[in-house]
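Read off the chains here:
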Amino acid sequence: MVRTGSWFDLFQERPVAAGNWMFRTVDVPGLGNAVVVRSVDCLGAMCPRPQLLTLKVLGEVDPGEVVEIVLDNPTAVEGFPALAETLGCAHLATVRDFGCWRIYLRKGS
Amino acid sequence: MNGVATTGMASGGSWLSRKGNLQALGVFLFVVAGSLWALAQDSRFVYMLVYVWFGLAYGMLLQYGRFCMASAVRDLFAVKVPRMAVGMMIAVALYAVVAAIVTLSGFSTFHPNALGWHIVVGAAIFGFGIVFTGGCASGSLYKAVEGNMNSMLVVLAISFSQAIVVSASGWWDALVPQSWVDAAAAQDMPAELSVTKGWFDIFTAGYIWGLKGTTTAEIFGMAESAAGIVWLNTFLTAILPVAVILVALYAFYYRKAYLRRSGKVAPTLRDEFAGIWAMCTASKNTALAGIGLGILAGLHMYVTGALREHYGIFNFGELLVAMGYTNGLSIQDTVFDPGYWYITTQEAQWGGWIMQKLGIDSMDSIFFGLDNGLPNPLLNAPGFMSIGIILGASVMALSRREFKWKAPTWETAFFAIVGGTLMGIGARLAMGCNIGAFFATVTNGDPSGWIFLFGMTLGAFVGVKVFTWWMDWSAARKGGECDL
């Protein structure tokens with residue numbers, strides 16, 4: 001998932017899509033291991049697409065499940081804690097990775 | 001848990017050992033060196049450098065707070081998040097307070113906008129556009145510096161669409177009411193401007209010039225008194241509406257979730273105030289940027305006003321003439337020089353200047369020929385504020401390692417160009433964007449800015465509906481491909 005990519009990759013058309021089902025254990029800083037059930041790939045996306053995709057994916061998972069959102073749009077990253085509050089989700093962490101951020105949200109009941 | 005953790009990133013070492021910091025310092029030193037060079041040419045370039053340095057500070061704060069005024073209205077409908085709307089209101093309140101001090105000291109450079117239906121229509125088109133571009137005119141500038149090529153396209157689209165709208169003439173000229181044409185013809189204008197030719201010229205001379213722009217204090221005949229400036233312009237036109245909007249944002253978007261989180265079943269008034277405070281401080285970066293932008297935007301007027309006083313001028317054009325630069329001035333020897341934060345007009349000038357170099361002359365338009373001129377971008381003072389924003393945002397983005405090339409897809413490029421074009425058209429019809437027609441107006445006692453905000457909100461509401469529909473439709477079309 002980490003994009004080390006060449007310059008050429010940057011210009012390739014890359015449709016933004018909400019992730020398929022997955023069950024991956026990740027080490028969320030300050031929380032420990034959590035099982036991520038969906039990963040929303042928003043690399044290259046402009047607002048409000050990341051927010052709307054997240055809304056949809058959260059609508060499809062069960063309460064208590066953890067969703068990962070992968071973003072490279074700083075403005076969108078800034079807004080996610082506030083978005084989580086509105087949606088009644090727990091914002092577990094925002095992790096800085098190479099060329100992107102990974103945001104972990106746990107769906108509330 | 002709002003902290004950002006870092007994995008796999010290089011850490012440690014001195015501040016300068018990081019490549020991003022070094023690059024940021026390089027950009028900063030470039031601005032310092034450029035400023036010194038300009039001053040060495042002629043000390044009067046200090047007037048232009050004020051725009052550069054305020055722009056630099058705006059750019060840094062915009063990037064620091066991820067200050068996105070497009071999301072201020074969009075997110076209320078798209079995801080029901082009031083974060084940026086709150087940030088924008090904080091900035092308005094601070095700007096208004098500083099603007100009052102500047103006005104009282106006699107250095108205000110503010111001019112009210114003409115009040116009319118054009119504001120609602122233009123603002124709605126602008127508000128619709130920003131949903132598709134992912135940022136306003138200022139926001140697109142700083143996002144472009146983060147490497148976002150969509151935002152670069154937006155800036156280009158805003159620049160050229162405005163330049164074309166204000167100068168093009170064709171079959172659409174026939175779309176204006178005859179009364180506008182008559183009113184335009186009755187204006188005593190030089191023949192070279194051909195005010196009855198070109199839709200925007202007829203619109204300006206036949207409609208806008210017939211309207212009145214005013215401040216609240218002026219309406220009550222108290223424009224010259226301190227009480228009028230403080231109570232009518234600042235309190236009644238800015239602070240009170242901001243307070244009402246903050247309470248409304250809290251009640252509709254924040255209160256329920258806040259009370260649930262804090263476990264308050266029967267909230268007291270004190271709890272409600274604590275809730276409003278929590279809403280305002282929820283995103284510290286945004287709140288701090290709002291405070292900084294508000295104060296600086298006011299100070300900007302003060303410094304420019306003081307310089308005008310010092311040089312005995314009303315407009316930068318006079319200083320350009322004195323320095324021997326007469327190319328690109330309007331027929332009144334003026335150039336665009338608002339004296340405060342403004343964005344769209346100088347972008348229109350960039351577009352118009354490039355078009356002129358390509359052989360498409362637009363100096364027969366009122367917008368360029370009579371009012372704003374088409375100066376060389378190297379002598380365009382507010383243009384340098386935009387360049388300052390670009391440089392300031394790049395200092396911040398580089399030092400925070402947030403620069404990354406983000407290529408558009410065909411879809412996002414289409415949205416950027418169409419959305420940017422709509423923003424350009426909307427900004428010209430409304431006589432400004434969310435900065436020039438809203439932020440700078442309501443803070444200086446001109447209530448027309450609230451009409452702009454209303455129109456922009458209306459446009460964003462429709463824009464969000466269309467955008468959501470498009471996402472659903474394209475997801476359904478792709479079927480199982482993205483499992484949505």
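Residues numbered from 1 in each chain as written. Chains lettered and ligands numbered in written order. Predicted model: local features only at pLDDT ≥ 70, side-chain atom pairs only at ≥ 80, totals over all residues.

## Concerning the overall build of chain B
A count of helical and extended segments in chain B gives 20 helices and one strand. Against the 2.2 N^0.38 benchmark of 23 Å for 484 residues, chain B shows a C-alpha radius of gyration of 23 Å, consistent with a compact globule. In terms of principal-axis extent, the alpha carbons of chain B reach across some 70 × 60 × 50 Å. Here chain B holds 484 residues, and the buried ones make up 54% of them. Intrachain contacts of chain B at a sequence separation of at least 6 include 79% that bridge at least 24 residues. (Helix = DSSP H or I, 4+ residues; strand = E, 2+ residues; numbered from the N terminus. Rg over C-alpha atoms; globule rule 2.2 N^0.38 Å. Buried ≥ 20, exposed ≤ 12 C-beta atoms within 10 Å, placed from the backbone. Contact = placed C-beta atoms within 7 Å.)

## Considerations on the overall build of chain A
Looking only at helices and strands, chain A features three helices and five strands. Shown N-terminal to C-terminal, the secondary structure of chain A runs as helices and strands in the order α-β-β-α-β-α-β-β. Buried residues in chain A amount to 50% of all 109 residues. Counting only contacts in chain A whose residues sit at least 6 apart along the sequence, the fraction spanning at least 24 positions is 58%.

## Quick notes on the confidence of the model for chain B
Residues and elements named next belong to chain B. On average, chain B scores 92 in pLDDT, and the residues at 70 or more come to 96%. When pLDDT is averaged over each element of chain B, helix α5 (residues 117–133) comes out on top at 97 and strand β1 (residues 4–6) at the bottom at 58. Segment residues 7–11 is flagged for pLDDT under 50; beyond a separation of four residues in sequence, or across chains, it makes seven contacts in the model. (pLDDT = per-residue confidence, 0-100.)

## Some remarks on the packing of helix α3 (residues 69–78) of chain B against helix α20 (residues 448–478) of chain B
Axes are the key here: two packed helices are described by the angle between their axes and the distance separating the axes. Residue and element names in this part refer to chain B. At a closest axis distance of 9 Å, the pairing of α3 and α20 adopts a crossing angle of 45 degrees. As judged from the angle between their axes, α3 and α20 are oblique. Note on packing geometry: the crossing formed by α3 with α20 is right-handed. Contacts from V73, R74, F77 and A78 in α3 reach M456, T457, A460, F461 and V464 in α20. When the residues that make up the contact of α3 with α20 are grouped by side-chain class, the tally is seven nonpolar, one polar and one charged. (Axes fitted to C-alpha atoms, helices over the stretch in contact; angles between N-to-C directions. Parallel < 35°, antiparallel > 145°, perpendicular 65-115°, else oblique. Left-handed = near helix turned anticlockwise from the far one by under 90°. Nonpolar A, V, L, I, M, F, W, Y, C, P; charged D, E, K, R; others polar.)

## Some remarks on the environment of P382(B)
Residue and element names in this part refer to chain B. Relative to the helices and strands, P382 resides in helix α17 (residues 381–399). Between the C-alpha atom of P382 and that of A413, which follows or precedes it by 31 residues, the distance is 27 Å. Residues within four places of P382 in sequence aside, it is in contact with Y51, F336, D337, P338, Y342, T345 and Q346.

## Things to note about the pairing of strand β5 (residues 100–106) of chain A
Residue and element names in this part refer to chain A. Of all seven residues in β5, six are buried, a share of seventy percent or more. Pairing analysis gives six bridges linking strand β3 (residues 66–71) to β5, with the strands arranged antiparallel. From the neighbouring strand, V66 faces β5, where its bridge partner is R106. The sheet contact formed by strand β4 (residues 90–97) and β5 spans seven bridges and is antiparallel. Paired with T94 across the two strands is I103, which belongs to β5. Following β4, the chain reverses through two residues before pairing antiparallel with β5; G99 in that reversal takes a positive phi of roughly 70 degrees. (Pairing = 2+ DSSP bridges.)

## A look at the confidence of the model for chain A
All names here are of chain A. This prediction gives chain A a mean pLDDT of 81; 81% of its residues lie at or above 70. The least confident element of chain A is helix α1 (residues 7–10), whose mean pLDDT is 44; the most confident is β5, at 94. Contacts of residues 1–16 to residues separated by more than four positions or lying in other chains number 19 contacts, the stretch itself having pLDDT below 50.

## Concerning the environment of T457(B)
All names here are of chain B. Position of T457 among the secondary structure elements: in helix α20. Given 18 C-beta atoms within a 10 Å radius, T457 is considered partly exposed. Considering only alpha carbons, one finds T457 and V79, 378 residues apart in sequence, at a separation of 14 Å. Once residues within four sequence positions are removed from consideration, T457 is found in contact with V73 and G127.

## Section: unusual backbone geometry
With omega at 5 degrees, the peptide bond leading from C47(A) into P48(A) counts as cis. Mapped onto the fold, P48(A) is located in the loop between β2 (32–42) and α2 (49–60). Positive phi, normally seen in glycine, also occurs at K80(B), with a value near 60 degrees. Tracing the chain through its elements places K80(B) in the loop between α3 and α4 (83–104). A positive phi angle is found at D333(B), which is not glycine, with a value near 60 degrees. Summarising the element assignment, D333(B) is placed in the loop between α14 (316–323) and α15 (344–357).

## Overview of α4(B)
All names here are of chain B. Across its 22 residues, α4 extends 32 Å between first and last C-alpha, which sits within 8% of the 32 Å expected from 1.5 Å per residue. With respect to burial, α4 is a largely interior element, 19 of its 22 residues being buried. Immediately beyond the C-terminal end of α4, within one or two residues, lies G106, with a positive phi of roughly 85 degrees. (Expected span 1.5 Å × (residues − 1).)

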